[in-house]
Amino acid sequence: MCFCWLVMKAAELFIVLILLFAGSNSDAKKDKQIAFTIAVQGQDDIQFYEGDDPCKVIKKYCKGLTRLFPYEKCFELLHAKTSTQIGQLWSSLHQKLKINEGLFIKCDPFRFDAKEYIKSVDRAHLGTTRNSTAVIHELLNHLKKAMQKDERALALFNTRRNQLELSDLEKVLLYRKALLLIPTNLFVVDQFGLALIFVDREEEARALFANAVVRGLWGNPLQRPVSKYVKGLTAKPWHDKKDYPFIAKLEAGADEVKKELLHNLKQKRHMFTGETENLHVGGEWTELRIKSSGHGMIKKHTDLFSNTMKVIEGCGEEFVSIKFSAIQPGTHIRTHTGPSNERLRLHLTLVHTGGARIRVGTEWRTWEEGKAIIFDDSWEHEVIHTGEDMRVVLIMDIWHPELPPESRVVH
Ligand SMILES: *[C@@H]1O[C@H](CO)[C@@H](O)[C@H](O)[C@H]1NC(C)=O
């Protein structure tokens, strides 16, 4: 054990990165140009020639060093450095090297045979009549335009990806291409990994997330905010509500809120609207917004919920967003993560007779009427409801307590 650690430390010390760009270096093998170089102190540089597959180069190099370093350690270090550097210098390097998704997983060849996949699953789920190639082509085009800072294209990409209700297969095909367009984009890395999980390729997904952490995109492979990751904030999936004294006041008002909700639901059964991001399968997931992040209160809803508003205001806490959220029996909200780790999410349980559970990070918990739970939804989470009756919670987001006041702005 001790010996291994020493060897690892030695390897870390030895490997010092210096990047040299091609063109100037003319002692390249025959007429091939060097795309980039990683200098390893005390050893020969690793040279990546144009047209090389970087994964093969690292593997070959490490095999040559086995008398000095264990292969696994050498590979681990150089894979981390190489994928990080290539990711950061993507625009200048990606066309010079032969790179596939595998580089950002664990350098095993990435094989995904769509036809094999279709054979192995129920075709009914795939939307047999549509032209998936065209769908993916359209979305990739929006994404390419969005990369040129075209805000409209980004909005269009988001609208269309929801409207089109991509199958899991289409998600794999879309995001594996998107990854090779923008390998440092949090959303793209996350979506590619989730798509892999959904088609039963979890091991590769986990390796992709681990590599993303090594590349500095996130701090933990299970915490993957998809649009903004703020480093340095205490990160844990579940928070202890004792650390947030205002929650006791909220729980004291839970009965009042529930009474008003049930009364309103009796008057207007279809007050809630469906979730639009296609995050769930089976059942039904609906919501009623009181306050959306970045916006003020929605007056027609606060008017309906005046007692609820009194309970909320009585807490003396600033809420970034507020909404009721209902799931029906049979609902599975599949694994996903929220947009940012700047916020924490609180659920005040109003209706739950049992059977619904939630995983945040690796730990499953449930809801109890009149009680609240608080968690960080930038961690991977999922919900399964196998009970008999609908479950309704009041969801409220607060700022992460360590986020400085000047950063408390919705993007
Ligand atoms: C599907 O779309 C692609 C790309 O737009 C096109 O090239 C192809 O011909 C289409 N296939 C069918 C069967 O319509």
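Residues numbered from 1 in each chain as written. Predicted model: local features only at pLDDT ≥ 70, side-chain atom pairs only at ≥ 80, totals over all residues. Heavy atoms only, no water.

A look at the sheet that holds strand 10 (residues 356–360)
Next up, step 1: Read from one edge to the other, the open sheet built from 5 strands follows the order 5-8-13-10-11, with strand pairing classed as antiparallel. The strands lining the two open edges of the sheet, one partner per strand, are strand 5 (280–281) and strand 11 (363–366).
Next up, step 2: Here 5 bridges tie strand 10 to strand 13 (residues 381–385), and the two strands are oriented antiparallel to one another. Across the sheet, residue R357 finds its bridge partner in strand 13, namely I384. (Pairing = 2+ DSSP bridges. Helix = DSSP H or I, 4+ residues; strand = E, 2+ residues; numbered from the N terminus.)

Quick look at the pairing of strand 9 (residues 343–351)
Next up, step 1: Strand 9 sits mainly inside the fold: 9 of its 9 residues count as buried.
Next up, step 2: Note that strand 9 and strand 14 (residues 391–399) share 8 bridges and pair antiparallel. Bridging across to strand 14, L348 finds its partner in L394.
Next up, step 3: Where strand 9 meets strand 12 (residues 372–375), 4 bridges bridge the pair, whose relative direction is antiparallel. The residue of strand 12 that forms the bridge with R345 is F375. (Buried < 20%, exposed > 50% of the residue type's maximum accessible area, 1.4 Å probe, protein only.)

Examining the packing of helix 8 (residues 168–179) against helix 9 (residues 186–198)
Next up, step 1: Taken N-terminus to C-terminus, the directions of helix 8 and helix 9 make an angle of 145 degrees; their axes are 8 Å apart at the nearest point. In terms of crossing hand, the pair formed by helix 8 and helix 9 is left-handed. Judged by residue contacts, D168, K171, V172, Y175, R176, A178 and L179 of helix 8 engage F187, V188, V189, Q191, F192, A195, L196 and F198 from helix 9.
Next up, step 2: In terms of residue class, the contact of helix 8 with helix 9 is made up of 11 nonpolar, 1 polar and 3 charged. (Axes fitted to C-alpha atoms, helices over the stretch in contact; angles between N-to-C directions. Left-handed = near helix turned anticlockwise from the far one by under 90°. Contact = heavy atoms within 4.5 Å. Nonpolar A, V, L, I, M, F, W, Y, C, P; charged D, E, K, R; others polar.)

Quick look at the state of the cysteines
Next up, step 1: If you walk through the whole model with that rule in mind, you get 2 disulfides.
Next up, step 2: A sulfur-sulfur distance of 2.1 Å marks the disulfide that ties C55 to C107. Handedness here is read from the sign of the S-S torsion; for C55 and C107, about -75 degrees, the answer is left-handed. Note that C55 is positioned in helix 2 (residues 54–64) and C107 in the loop between helix 4 (90–93) and helix 5 (114–120), a separation of 52 residues in sequence. With respect to class, C55 is no different from C107; both count as buried.
Next up, step 3: C62 shares a disulfide with C74; S-S distance 2.1 Å. Negative torsions about the S-S bond denote left-handed disulfides, and the value of about -75 degrees found for C62 with C74 makes this one left-handed. (Disulfide = S-S within 2.5 Å.)

Regarding the domain arrangement of the chain
Next up, step 1: Per the domain assignment, the segments making up the chain are domain 1 (7–99), domain 2 (114–122 + 132–214) and domain 3 (238–407).
Next up, step 2: Domain 1 and domain 3 are separated by 48 Å when their C-alpha centres are compared. (Domains from an automatic or database assignment.)

Some details on helix 2
Next up, step 1: For helix 2, every residue scored as buried is listed here: P54, C55, V57, I58, Y61 and C62. Down the axis of helix 2, the sector holding all buried residues measures 160 degrees, keeping them to one side. Opposite the buried face of helix 2, at more than 90 degrees from it, the exposed residues are K56, K60, K63 and G64.
Next up, step 2: Looking at the buried positions of helix 2, the neighbouring elements they touch are strand 2 (46–49) and helix 3 (71–88).
Next up, step 3: Residue D53 occupies the N-cap position of helix 2, its side-chain oxygen lying 2.9 Å from the main-chain nitrogen of C55. (Arc of directions from axis to C-beta. Polar contact = N/O pair within 3.5 Å; in protein donor to acceptor, adjacent residues only side chain to side chain.)

Describing the nonpolar core
Soluble globular proteins: nonpolar side chains tend toward being buried together.
Next up, step 1: By size, the foremost hydrophobic cluster in this structure holds 62 residues, and its most contacted members are I46, F48, I86, F192 and L208.
Next up, step 2: Considering each element in turn, this core owes the most residues, 10 residues, to helix 9.
Next up, step 3: Residues lining this core come from more than one domain, with at least three contributed by each of domain 1 (7–99) and domain 2 (114–122 + 132–214).
Next up, step 4: Contacts of F48, omitting those with residues within four sequence positions, involve I34, A35, F36, I38, P54, V57, I58, T82 and L97. (Core = buried A, V, L, I, M, F, W, Y, C linked by side-chain atoms within 4.5 Å.)

A look at the pattern of salt bridges
Next up, step 1: Evaluation of the coordinates by the stated rule reveals 25 salt bridges.
Next up, step 2: Between R345 and D377 there is a salt bridge, with the nearest N and O atoms lying 3.7 Å from each other. Highlighted residues: R345 in strand 9 and D377 in the loop between strand 12 and strand 13, separated in sequence by 32 residues.
Next up, step 3: Here R345 falls in the buried class, since its relative accessible area comes to 16%.
Next up, step 4: The partner of R345 in a salt bridge is D397, with the nearest N and O atoms 2.8 Å apart. Residue R345 is located in strand 9, and its partner D397 is located in strand 14; the two are separated by 52 residues in the primary sequence. Note on accessibility: R345 and D397 belong to one class, buried.
Next up, step 5: Salt bridges here are not isolated pairs; linked through shared partners, they connect D190, E202, R206, R224, R359, E380 and E382. (Salt bridge = Lys/Arg side-chain N within 4 Å of Asp/Glu carboxyl O.)

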